[in-house]
Amino acid sequence: MEVSNTTESSIDDRPSFTRQDFLLLTKARLSLLVIITTVFGYLLALKSSALPMDWWRLTHTVIGSALAAAAASVFNQLMEIDVDARMARTAVRPLPTKKIQPVAAFIIGWILAACGIVHLGVKVNAQASAFAAATLFVYMFIYTPMKRRSGLNTLVGAVSGALPPLIGWAAAGGDLSVVEPWFLFGLLFLWQLPHFVAINWMYRKEYEDAGFVMWSNGDESGGRTSFLGILFSVLLMMMMVIPLAFGFVRTWAVVGLILAASVMVKYAINFGKSRLREDARRLFLYTLIFLPAALFLLFIGWST
């Protein structure tokens with residue numbers, strides 16, 4: 001009888017798995033960014049090709065992409081339970097706090113991944129499904145393990161983060177042989193780099209203590225990290241002339257994009273001069289402003 005009571009008590013004392021925990025497990029905010037950039041790629045493909053809007057196809061694209069993004073987040077956390085438990089900002093996630101067992105999370109992850117990829121393949125097209133599968137593969141099997149081995153993991157992670165616009169472009173039936181979808185890929189790729197450089201510096205001690213190999217590891221002066229922030233910001237600004245050269249964005253919008261990117265360069269240079277957490281945070285916050293502003297300028301300035 002005492003054994004039974006002890007068992008029941010231990011079950012009752014286990015932390016409950018809530019809706020908020022599910023959102024943490026699937027990194028809902030990151031998944032929202034995937035959805036937004038996927039939709040953005042879809043809409044620009046329609047504008048470029050003068051294709052008719054198919055709301056059902058767009059809906060199915062969003063559903064499949066959201067499921068695949070959520071699956072990537074689940075598997076990422078499954079592979080990093082130990083390091084998440086050592087970092088203050090990730091220790092509250094449901095796996096380190098044991099609000100959900102790894103086996104249950106593994107099942108959820110595979111269900112989400114299978115449903116997302118199959119849904120895109122059946123309801124949208126094979127190309128969109130292939131890009132979603134590639135995003136999952138790079139994020140799970142290359143980026144996540146690489147975080148413990150090489151600082152180059154940030155470049156690999158930026159590849160998976162830059163693929164969603166291509167999912168949307170392919171889903172709309174856009175031509176993948178033209179420069180436009182690859183410009184969108186490049187924009188997302190380069191935007192992520194100063195964004196993550198800033199995060200890297202802000203939480204460098206946590207990353208290092210947890211066992212991650214990041215660009216800031218051993219960079220006591222901040223010289224290497226801040227240089228990378230400036231380099232990637234400058235490359236992003238330089239990339240903004242591509243739409244003008246190929247004529248798929250109106251001149252006034254390109255000027256706006258260059259000006260917006262030049263502000264990021266300014267914040268990166270400020271961080272390079274001071275190498276303080278406050279200036280890294282300002283760069284980080286500006287990257288959050290820059291992306292929606294750039295997407296808005298591209299959308300309204302896109303030539304059809």
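All values derive from a computational prediction rather than experimental measurement.

Rules of the game
- Residues numbered from 1 in each chain as written.
- Predicted model: local features only at pLDDT ≥ 70, side-chain atom pairs only at ≥ 80, totals over all residues.
- Heavy atoms only, no water.
- Salt bridge = Lys/Arg side-chain N within 4 Å of Asp/Glu carboxyl O.
- Helix = DSSP H or I, 4+ residues; strand = E, 2+ residues; numbered from the N terminus.
- Buried < 20%, exposed > 50% of the residue type's maximum accessible area, 1.4 Å probe, protein only.
- Phe/Tyr/Trp six-rings, centres within 6.5 Å; stacked < 30°, edge-to-face > 60°.
- Lys NZ or Arg CZ within 6 Å of the ring centre and 35° of its normal.
- Axes fitted to C-alpha atoms, helices over the stretch in contact; angles between N-to-C directions.
- Parallel < 35°, antiparallel > 145°, perpendicular 65-115°, else oblique.
- Contact = heavy atoms within 4.5 Å.
- Nonpolar A, V, L, I, M, F, W, Y, C, P; charged D, E, K, R; others polar.
- Core = buried A, V, L, I, M, F, W, Y, C linked by side-chain atoms within 4.5 Å.

A.B. asks: Teacher, can you tell me more about the pattern of salt bridges here?
C.D. replies: Between side chains of opposite charge, pairing is possible as soon as their charged atoms come close. What the rule picks out here adds up to six salt bridges. Ionic pairing is found between K99 and D21, a salt bridge with its closest N-O pair at 3.5 Å. Of this pair, K99 sits in the loop between α5 (81–86) and α6 (102–123) while D21 sits in helix α2 (residues 19–25), placing them 78 residues apart in sequence. You can call K99 partly exposed: its relative accessible area is 29%. Judged by relative accessible area, which is 3%, D21 ranks as buried.

A.B. asks: Hey, could you run me through the packing of aromatic side chains in this one?
C.D. replies: The description of an aromatic ring pair rests on the distance of the ring centres and on the angle between the ring planes. Across all of its chains, the model carries 14 aromatic pairs by this definition. Aromatic side chains F75 and F106 sit 6.0 Å apart centroid to centroid with 80 degrees between the ring planes, which places their arrangement in the edge-to-face category. Pair noted here: F75 is in helix α4 (residues 55–78) and F106 is in helix α6, with a separation of 31 residues, a long-range link. When the ring of Y286 is compared with that of F290, the centres are 6.5 Å apart and the planes differ by 45 degrees; the resulting orientation is tilted. Pair noted here: Y286 and F290 are both in helix α15 (residues 277–301), with a separation of four residues, about one helical turn. Residue class for Y286 comes out buried when judged on its relative accessible area of 12%. When its relative accessible area of 1% is taken as the criterion, F290 is described as buried. These aromatic residues form a ring-pair network of at least three members: F75, F106 and W110. Above the ring of Y203, the side-chain terminus of R277 is found at 5.3 Å from the ring centroid.

A.B. asks: Looking at this structure, I do not really get the packing of helix α7 (residues 126–146) against helix α9 (residues 164–171). What am I missing?
C.D. replies: Contact geometry of α7 with α9 gives a least axis separation of 8 Å together with a crossing angle of 170 degrees. By the angle between their directions, the pair α7 and α9 is classed as roughly antiparallel. Contact with α7, carried on its side by Q127, A128, F131, A132 and T135, involves L166, I167, A170 and A171 of α9 and no other residues of that element. A breakdown of the residues in the contact of α7 with α9 according to their chemical character gives seven nonpolar, two polar and no charged.

A.B. asks: Mind showing me how you'd approach the nonpolar core here?
C.D. replies: Judged by nonpolar contacts, the single largest core of 87 residues is most densely connected at L184, L187, M240, F290, L298 and W302. Setting aside anything within four residues of it in sequence, one finds L298 in contact with F40, F183, L184, L187, V249 and L257.

A.B. asks: Help me understand helix α8 (residues 153–162), please; the structure alone is not making it clear to me.
C.D. replies: Helical geometry: 3.6 residues make up each α-helical turn, so side chains three or four residues apart lie on a common side. Burial analysis of α8 places seven of its 10 residues in the buried class, which makes it a mostly covered element. Listing the buried residues of α8 in full gives N153, T154, V156, G157, A158, S160 and A162. The inward-facing, buried residues of α8 contact α7, α9 and α10 (179–202).

A.B. asks: Looking at this structure, I do not really get unusual backbone geometry. What am I missing?
C.D. replies: The phi torsion of most residues other than glycine is negative, and most of the peptide bonds are trans. Backbone geometry at A50 places phi at a positive 55 degrees, although glycine is not the residue there. When you line up the elements, A50 lands in the loop between α3 (28–49) and α4. In the Ramachandran plot, K98 falls in the positive-phi region, its phi being about 65 degrees despite a non-glycine side chain. Mapped onto the elements, K98 comes out in the loop between α5 and α6.

A.B. asks: Is there a simple way to explain the side chain of H60 in this structure?
C.D. replies: Relative to the helices and strands, H60 is located in helix α4. Setting aside its immediate chain neighbours within four residues, H60 contacts H119, L120, K123 and V124.

A.B. asks: Would you mind showing me how to read the side chain of T144 here?
C.D. replies: Relative to the helices and strands, T144 resides in helix α7. The exposure class assigned to T144 is buried, which follows from its relative accessible area of 2%. Those residues in contact with T144 that sit more than four places away from it in its chain are N76, M79, E80 and Y139.

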